Amino acid sequence: MPEAVKKLNLGIALIKVFACLGVISLHFGGKAYGRWLAVPAFMFVAVYLSAKTIMSGDRERLRKRLWRLFVPYATWGFIGYAYRALVHGLCNPMDLVEQLLTGYPTCGHMYYISLLFWFTILLFLLERLFVNRDTLVCLLLTVVSFVMQYTGWNYALFGEIEIGFRYTIGRFFEFLPLAACGILLAKAKVSERFTPRKGVLFAMGLFVLSAVLMAIGVPGYPPGFAYCGFAPFLMCLSSCVLLITLGDLFSGGQNRWLRALGSLSMLTPGVYYCHMIVGETIQRWLGWEKSHLLAFAVAFASAVIVSLVLRVKRIAWIVR
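Positions within a chain are numbered from 1, following the residues in the order the chain's sequence is written. With pLDDT at 70 or above as the cut-off, local features in this predicted model cover only qualifying residues; side-chain atom pairs require 80 or more to be listed or tallied, and sums for whole chains, interfaces and linings still use all residues. Just so you know, side-chain values use all the structure's heavy atoms and leave hydrogens and water out.

Chemist: Can you help me understand the overall build of the chain in this one?
Modeler: Counting secondary structure elements, the chain contains 14 helices and zero strands. The helix and strand labels rest on DSSP assignments: H or I over at least four residues marks a helix, E over at least two residues marks a strand, and numbering proceeds from the N terminus. For the chain, the succession of helices and strands along the chain, N to C, is α-α-α-α-α-α-α-α-α-α-α-α-α-α. Along the first, second and third principal axes, the C-alpha set of the chain runs to 55 × 50 × 45 Å. Throughout, the Shrake-Rupley method with a 1.4 Å probe supplies accessible areas, and for residues the shown protein chains are the sole cover considered. Carbon and sulfur atoms make up 68% of the accessible area of the chain, which amounts to about 16,100 Å² in all. In this count, Lys and Arg are taken as positive residues and Asp and Glu as negative ones, while His and the chain termini are left out. A charge is said to be at NZ when it belongs to Lys, at CZ for Arg, at CG for Asp and at CD for Glu. In the chain, 30 side chains carry a positive charge and 14 a negative one; their mean positions are 10 Å apart.

This is how it looks when you write it as C-alpha cells:
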C-alpha cells in the first residue's frame, strides 16, 4: 500500500497485523475477539495511506495506484480459479468472469480490493470536483451511508441479488464511512491542527462513546451484510485513530521488537491474499475443523509462504 507518511508507524503496523489475524480467525478460527473489525480497519488504513495520491489530483499517480490494486485482484482471482479447477474440479468460465467483476467466487475475500478500487476513484473525483468543499462532501457521504443502512434501503436494494454482487455492492455503503474518514484524518493531520495528543483524546472519547452505544444497543443494528451499524463503525474508527496517533507519538523507537513488528506488517497484504487457499489446503490434508489452532496454523503457514515468495524477485509482486 502506498504510504501517506514517510515512515510506517507502530500504530499502523499493529492495525495491519491484528486485522490480518482477525480475517484469518473469521474464516478459520473459533469464536474470536473483535474480528468483525478486521476488514473495516483494513479499509480505513488503506485509504488513509493512499490519501496523498487521492488528494493530489494527479491522474498518473491515480493510475499507478489503481494498477497496483488491480494486479493482485486479478492475479488472485486467476489463482483461486486454478485452485478450484485442480482441487475441486470446478472450472466454469463464468466463475472467473464473475470473480473479475465482483471479487467472488473463486477468491471471495478479494471483494475488499474491488471496493477499495472504486472508493479510490470516487474520493479522487470528489477531491477534484469539490476542491474547497471536499470535507463537507465526505461528511455527507457518511451520513448518506447510515441513512441507507438504517432505513433498510441498502438491504432492500441488494439483499436479494446474486450472492457475489450482493456482498460487493451491499457492503459499499457499510465501508464508505470508514473510507471517507480515512481521507478526513489525513486532511486533519496535514492541516497540523490535529496534533497527536489531540488525536488521542478525540479517539478515546469516541471509543468510550462507541462502547456505551454498543452496551445499551443504540442505535441498533439494521439489516445488512455483516458490517453495518453506527456503533461498530465508531469503535473501528476510534481504535484506528487512537493507534495511528499513538504511533505518531511513539514512532522514534528502533529496537528489534518494533523492527520485527514492522516486518510482520509488510507481510499482511500477501497473507490476506493467500490465506484462504492455504487454509483450505490444510483442512483438506489434515481434516481439521475451524479452531484457534487451525487459525494459528493458517497464519503461520501463510506468513512463511509470503516471506519465501518475497525473496524471489520475479514473483514477489503477487504478494505485495
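Still to come is the rest of the account.
Chemist: So what exactly am I meant to see when it comes to the packing of aromatic side chains here?
Modeler: The way to describe two aromatic rings as a pair is by their centre distance and the angle between their planes. Centre distance within 6.5 Å is the pairing criterion for rings of Phe, Tyr and Trp, where only the six-membered ring of Trp is used; planes under 30 degrees apart are then read as stacked, over 60 as edge-to-face, and the remainder as tilted. By the definition in use, this model includes 17 aromatic pairs. Geometrically, the ring pair formed by Y167 and F225 is edge-to-face, given 6.2 Å between the ring centres and 90° between the ring planes. Placement of Y167 in helix α9 (residues 163-170) and of F225 in the loop between α11 (196-216) and α12 (230-249) is noted, with a sequence separation of 58 residues between them. In this scheme, a residue with accessible area under 20% of its type's maximum is buried, one over 50% is exposed, and one in between is partly exposed, where area comes from a 1.4 Å probe on protein chains only. You can call F225 buried: its relative accessible area is 2%.

Chemist: I would appreciate a short explanation of the pattern of salt bridges in the present structure.
Modeler: Opposite charge on two side chains permits them to pair, given that their charged atoms come into close proximity. Counted as salt bridges are all cases of a side-chain nitrogen of Lys or Arg within 4 Å of a carboxyl oxygen of Asp or Glu. Counted under the stated rule, the structure contains five salt bridges. One salt bridge connects R84 with D95, and the closest N-O pair in it is separated by 3.5 Å. In this pair, R84 sits in helix α4 (residues 59-88) while D95 sits in helix α5 (residues 93-102), placing the two residues 11 residues apart along the sequence. Through salt bridges with shared partners, a single ionic network connects E127, D134 and K187.

Chemist: Explain a nonpolar patch on the surface here, please?
Modeler: Here, patches come from residues exposed beyond 30% relative accessible area and free of salt bridges, joined within 9 Å for like charges and within 5 Å for nonpolar side chains (Val, Leu, Ile, Met, Phe, Trp, Tyr). Nonpolar side chains collect at one region of the surface, where V143, V147, W153 and L157 lie side by side and expose about 400 Å² of accessible area between them. Contributing elements (two or more residues each) for the nonpolar patch: α7 (134-150) and α8 (153-158). Residue position: V147 is located in helix α7. Of the residues examined, V147 reaches a relative accessible area of 38% and is grouped as partly exposed.

Chemist: Honestly, the side chain of S302 in this entry has me stumped. Any pointers?
Modeler: As for its placement among the helices and strands, S302 is situated in helix α14 (residues 292-310). One polar contact links the side chain of S302 to the main-chain carbonyl oxygen of V298, over a distance of 2.7 Å. Only heavy atoms matter for contacts: two residues are in contact if any of them lie within 4.5 Å across the pair. Contact partners of S302, with chain neighbours within four places excluded, come to V271, C274, H275 and V278. For the purposes of these results, a polar contact is taken to be a pair of N or O atoms within 3.5 Å, where, inside protein, one atom must be able to donate a hydrogen and its partner to accept one; residues adjacent in sequence count only when each atom of the pair is a side-chain atom.

Chemist: Honestly, the nonpolar core in this entry has me stumped. Any pointers?
Modeler: Most often, soluble globular proteins keep nonpolar side chains buried together rather than apart. Among buried residues, the Ala, Val, Leu, Ile, Met, Phe, Trp, Tyr and Cys ones that are joined through side-chain atoms within 4.5 Å form a nonpolar core. In terms of nonpolar packing, the biggest core is built from 88 residues, with M43, F44, W76 and Y112 touching the most fellow members. Beyond its immediate sequence surroundings of up to four residues, M43 is in contact with Y112, L115, L116, F119, F175 and A179.

Chemist: What is the right way to look at unusual backbone geometry in this model?
Modeler: With the exception of glycine, most residues fall at negative phi, and the peptide bonds are largely trans. In the segment running from Y104 into P105, the intervening peptide bond is cis, with an omega of 20°. Inspection of the secondary structure puts P105 in the loop between α5 and α6 (111-129). P219 follows V218 through a cis peptide bond whose omega is 5°. Here P219 is to be found in the loop between α11 and α12.

Chemist: Any chance you could explain the packing of α9 against helix α10 (residues 172-190) here in plain terms?
Modeler: Angle between the axes and distance between the axes are the two parameters that describe a pair of packed helices. Where α9 meets α10, the axes come as close as 6 Å, and the angle between the chain directions of the two elements is 30°. One element, α9, and the other, α10, form an angle in the roughly parallel class. Counting all contacts with α9, which are made through T168, I169 and G170, the residues of α10 involved are F172, F173 and E174. Fitted lines through C-alpha atoms give the axes, limited to the stretch in contact for helices. The angle between two N-to-C directions lies from 0 to 180 degrees. Oblique is the label for every angle not falling under 35 degrees (roughly parallel), over 145 degrees (roughly antiparallel), or within 65 to 115 degrees (roughly perpendicular).

Chemist: What exactly am I supposed to notice about α9 here?
Modeler: Along an α-helix, a turn takes 3.6 residues, which lines up residues three or four apart on a common side. Listed as buried for α9 are G164, T168 and G170. On its buried face, α9 is in contact with α5, α6, α8 and α10.

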